[in-house]
Amino acid sequence: MPVINRFAEMLPEISAWRRDIHAHPELRFEEHRTAAFVAAKLEEFGCDEVLTGFGGTGVVGVINGKSGTAGKTIGFRADMDALPIQEATGLPHASTIPGKMHACGHDGHTSMLLGAAKYLAETRNFDGRIVVAFQPAEEGGGGARAMIEAGLMDRWAIEEIYGMHNMPGIAVGEFAVRTGPQMASPDKFEITVRGTGGHGAMPHKGVDTTLVAAQIVVALQSIVSRNIDPMDRVVVSVCGFRTETATYNVIPDSAKLLGTVRTFDPNVQQQVRARIDALATATALGYGAVAEVTHISGPPPLVNHAREADLAAEVAEVIAGVAHRDLDPIMAGEDFSEMLLERPGAYLFIGNGDSADLHNPHYEFNDEVIPVGCSWFVTMAERRLSLA
C-alpha cells in the first residue's frame, strides 16, 4: 500500500492549514491561536472527544474505531510551538509576527496529524481508540511532561505512542528510524562572570569580564577533546555571549555566557558539568574575577523501543518503500523522550528534501511531505488496531 490517494486530494486543504499556522507562529505555552485552530478542526471532523488547555495550551482529540473489542488505545503526538527567530524566507505565508517563526516544521507536524485525524474520523477503519495529542512547548518548555502530568497516558490508557519530525537532507518520501538511542539529552548552562568595569582606555584599573568570558569559551572546548572518551557522543557549545554594555569604550562589570551540552550517558553528563564548573571558576579566578555557573537540565535522551521502532519502520517501508534503519544518533534533543519513558513507542524522521536546516531563518517545511506523513499515521493506526 503506497501513499493513500485521499491525501493527494486533501493536499491543498492541509497545505492551507499549514500555511495559516506558519503565518501566525506562537512560542512555547503561548499557542492559544494554534490550539484554538486545532480544536476547531477536530470538532469539525467529528472526533468523539476534544479537550483544550491540556497540559497548558495542549489539545487532545479522541477517535473511536468501528469496533472497540480490542480495548486498545494508540497515541500519536505532534508539536505546535514556534521559535524566537526572525523569518527570512520572503514567502507569501511567511510569519506575520516579528521575531517569531516556525523554523522547525511544527506547523507541518500539526497539519499532518490533523489530516490523519480527519481521515480516521471519517473512515474509523480500526478496532480500538486513537488519541491525537497536539503538544505545546516542545522547544525547551517541558510541554511533553506537562501533558503527561495532566493525565495523557492514564486517562485513555494509551498503550503505545508515536511521533514524527521532518528532517532536511533526507529525500521527500523517505523515512529514518533506529532502535535504541536516537536523540541526545539537551542540557543548558549559564555562566555569569563578575569583575570590575571601567573605561576601555584604562583596562588596568579594572577586571575585564569580556576577556575572562572569552577565555572561558576557549577553555570549554577542551572538555570534549581532552576530558571525554572519544567513543562517547558529546557536544559542548557556547551559543550566547552577553554583556551589559552596548557601546565602544566601556568594560562591563559582568558578562554572561549561554550554552548547551548534549549527551547520551548520565555519567558523562555529570562529568561534563563538573568540568564546566572547574574550568569556569578557575579561569575567572586566574584573572581576578568570579564565575557563577548554573546548569539547567533538559529532557532525557530519546530512546526508541525496539519492537515499536521496527513496527514504525515496517509501516514506513510500506508507505514509502524506504526506511533507513541505520540512522546514526543525532545530538539534537526532543522532549518526546519523556513520553517514551511512560509508554513503549518510537519517533521517526520523515524527509524534508533539500531544504535549509532546522532552526534556520530560511527554513521552510516542504508541503510535498504531507501526503506521506498523513499516510504513515493512518496506516500505523489501521495496522496496530486491525479490524481483521
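Residues numbered from 1 in each chain as written. Predicted model: local features only at pLDDT ≥ 70, side-chain atom pairs only at ≥ 80, totals over all residues. Heavy atoms only, no water.

Draft legend 1. Broad picture of the overall build of the protein chain. What the protein chain contains, in helices and strands, is eleven helices and 16 strands. For the protein chain, the C-alpha radius of gyration of 23 Å lies close to 21 Å, the compact-globule estimate for 388 residues. Counting only C-alpha atoms and orienting by the principal axes, one finds that the protein chain spans roughly 80 × 45 × 35 Å. Within the protein chain, the proportion of its 388 residues that are buried is 53%. Accessible surface computed for the protein chain: about 15,600 Å², of which carbon and sulfur atoms make up 52%. (Helix = DSSP H or I, 4+ residues; strand = E, 2+ residues; numbered from the N terminus. Rg over C-alpha atoms; globule rule 2.2 N^0.38 Å. Buried < 20%, exposed > 50% of the residue type's maximum accessible area, 1.4 Å probe, protein only. Areas by Shrake-Rupley, 256 points an atom, 1.4 Å probe, with all protein chains shown as cover.)

Draft legend 2. Up close: the state of the cysteines. Here the structure, examined in full by the defined rule, presents zero disulfides. Cys104 takes part in no disulfide bond, and the closest cysteine sulfur, belonging to Cys239, lies 15 Å away. Residue classification places Cys104 among the buried residues on the basis of a relative accessible area of 7%. The class for Cys239 is exposed, based on a relative accessible area of 64%. (Disulfide = S-S within 2.5 Å.)

Draft legend 3. Broad picture of the packing of helix α3 (residues 106–123) against helix α11 (residues 370–384). At a minimum axis separation of 8 Å, α3 and α11 run at an interaxial angle of 45°. Overall, the two elements α3 and α11 adopt an arrangement that is oblique. As α3 runs across α11, the sense of the crossing is right-handed. Mapping the contact onto sequence places Met112, Leu113, Gly115, Ala116, Tyr119, Leu120 and Thr123 in α3 and Ile370, Gly373, Cys374, Phe377, Val378, Ala381 and Glu382 in α11. Considering only residue class, the contact of α3 with α11 consists of ten nonpolar, three polar and one charged. (Axes fitted to C-alpha atoms, helices over the stretch in contact; angles between N-to-C directions. Parallel < 35°, antiparallel > 145°, perpendicular 65-115°, else oblique. Left-handed = near helix turned anticlockwise from the far one by under 90°. Contact = heavy atoms within 4.5 Å. Nonpolar A, V, L, I, M, F, W, Y, C, P; charged D, E, K, R; others polar.)

Draft legend 4. Here's a closer look at helix α1 (residues 5–23). Compared with the 27 Å implied by 1.5 Å per residue over 19 residues, the 28 Å span of α1 between its first and last C-alpha is a close match. Every buried residue belonging to α1 is among Phe7, Met10, Ile14, Ser15, Trp17, Arg18, Ile21, His22 and Ala23, and all of these are buried. Along its buried surface, α1 packs onto α2 (32–45), α3 and α11. (Expected span 1.5 Å × (residues − 1).)

Draft legend 5. View of unusual backbone geometry. One non-glycine residue, Ala137, lies in the positive phi region at around 50°. Checked against the element boundaries, Ala137 lands in the loop between β4 (129–135) and α4 (143–149).

Draft legend 6. Spotlight on the pairing of strand β5 (residues 160–167). Of all eight residues in β5, eight are buried; the element is thus mostly enclosed. Both faces of β5 are covered, namely the face carrying Glu160, Tyr162, Met164 and Asn166 and the face carrying Ile161, Gly163, His165 and Met167. Here strand β3 (residues 73–79) runs beside β5; their pairing, made up of four bridges, is parallel. Bridging from a neighbouring strand, Arg77 pairs with Gly163 of β5. Across seven bridges, the pairing between β5 and strand β16 (residues 345–351) is parallel. Following the sheet pairing, Met164 is matched in β16 by Leu348. (Pairing = 2+ DSSP bridges.)

Draft legend 7. Local environment of the sheet that holds strand β13 (residues 290–296). Within the open sheet, the four strands sit side by side as β10-β12-β8-β13. Their pairing is antiparallel. Only two strands of the sheet have a single neighbouring strand rather than two, namely β10 (234–243) and β13. When strand polarity is set aside, the average angle formed by the axes of neighbouring strands in this sheet is 20°. When β10 meets strand β12 (residues 254–263), the two strands line up antiparallel, connected through nine bridges. Bridge pairing in β12 links Gly240 to Leu258. Along the sheet, helix α8 (residues 266–286) makes contact with β8 (185–194), β10, β12 and β13, crossing β13 at roughly 160°.

Draft legend 8. Geometry of the packing of aromatic side chains. In total, this model carries ten aromatic pairs according to the counting rule given. Residues Phe76 and Phe377 carry aromatic rings whose centres are separated by 5.1 Å and whose planes lie at 65° to one another, so their mutual orientation is edge-to-face. Taken together, the residues Phe76 in strand β3 and Phe377 in helix α11 connect sequence positions 301 residues apart. By relative accessible area, which is 1% here, Phe76 ends up buried. Ring centres 5.4 Å apart and planes at 75° place the aromatic pair Trp376 and Phe377 in the edge-to-face group. For the residue pair Trp376 and Phe377, the accessibility class agrees, reading buried in each case. Put simply, the rings of Phe76, Tyr162, Trp376 and Phe377 pair up and form one aromatic cluster. (Phe/Tyr/Trp six-rings, centres within 6.5 Å; stacked < 30°, edge-to-face > 60°.)

Draft legend 9. Here's a closer look at the nonpolar core. Within the largest apolar cluster, 64 residues are counted, with the highest numbers of intra-cluster contacts made by Leu42, Phe76, Ile130, Phe134, Phe175 and Trp376. Filtering out sequence-adjacent residues up to four positions away, Leu42 remains in contact with Cys47, Val50, Val59, Val60, Gly61, Leu114, Ala117, Val132 and Phe134. (Core = buried A, V, L, I, M, F, W, Y, C linked by side-chain atoms within 4.5 Å.)

Draft legend 10. View of the sheet that holds strand β1 (residues 49–54). Within the open sheet, the eight strands sit side by side as β1-β2-β4-β3-β5-β16-β6-β15. Their pairing is mixed. The outermost strands of the open sheet, each flanked by one partner alone, are β1 and β15 (323–324). Where helix α9 (residues 306–320) meets the sheet, its contacts fall on β5, β6 (175–176), β15 and β16, and the angle it forms with β16 comes to roughly 30°. Sitting on the sheet, α11 touches β3, β4, β5, β6 and β16, and the angle it makes with β5 is about 165°.

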